[in-house]
Amino acid sequence: MKNNLKVERAIHGFTQEDLAKKIGVSRQTINAMEANKYVPSTVLALRLAKVFGKQVEDLFQLDESDE
């Protein structure tokens, strides 16, 4: 799975710590998601989408190995 979290975070001017506080996780969790080492739960993905004003599909996409 790939994601656009780092790009969206930069567009909104959030640090990893800022984003973590907004969605109730640690900065390390944000770092792991951005590095594609952690796949968020549905609830967490929905929280991220809400913060950025996007659809979940705009933030996360399956890559060919996931299909």
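What counts, and at which threshold
Residues numbered from 1 in each chain as written. Predicted model: local features only at pLDDT ≥ 70, side-chain atom pairs only at ≥ 80, totals over all residues. Heavy atoms only, no water. Helix = DSSP H or I, 4+ residues; strand = E, 2+ residues; numbered from the N terminus. Rg over C-alpha atoms; globule rule 2.2 N^0.38 Å. Buried < 20%, exposed > 50% of the residue type's maximum accessible area, 1.4 Å probe, protein only. Contact = heavy atoms within 4.5 Å. UniProt positions renumbered as here; feature names shortened; annotations may be inferred.

### Focus: the overall build of the chain
Next, step 1: If you tally the helices and strands in the chain, you get five helices and two strands.
Next, step 2: Ordering the α and β elements of the chain from the N terminus gives β-α-α-α-α-α-β.
Next, step 3: Taken against the 2.2 N^0.38 rule, which gives 11 Å for 67 residues, the C-alpha radius of gyration of the chain at 11 Å falls within 12% of a compact globule.
Next, step 4: Based on the C-alpha atoms only, the size of the chain along its principal axes is roughly 30 × 25 × 20 Å.
Next, step 5: Expressed as a percentage of its 67 residues, the buried residues of the chain come to 33%.

### What to know about helix α3 (residues 27–34)
Next, step 1: Buried within α3 are the following residues: T29, I30, A32, M33 and E34.
Next, step 2: In this structure, the buried residues of α3 make contact with β1 (2–3), α1 (5–12), α2 (16–23) and α4 (42–52).
Next, step 3: N36, located one to two residues past α3, shows a positive phi value of around 60 degrees.

### Things to note about the UniProt feature "domain: HTH cro/C1-type" (unreviewed entry) in the chain
Next, step 1: UniProt's feature table lists "domain: HTH cro/C1-type" (unreviewed entry) at residues 5–59, given in the numbering used throughout.
Next, step 2: As a span, residues 5–59 carries 71% helix and 0% strand, and end to end its C-alpha atoms are 6 Å apart.

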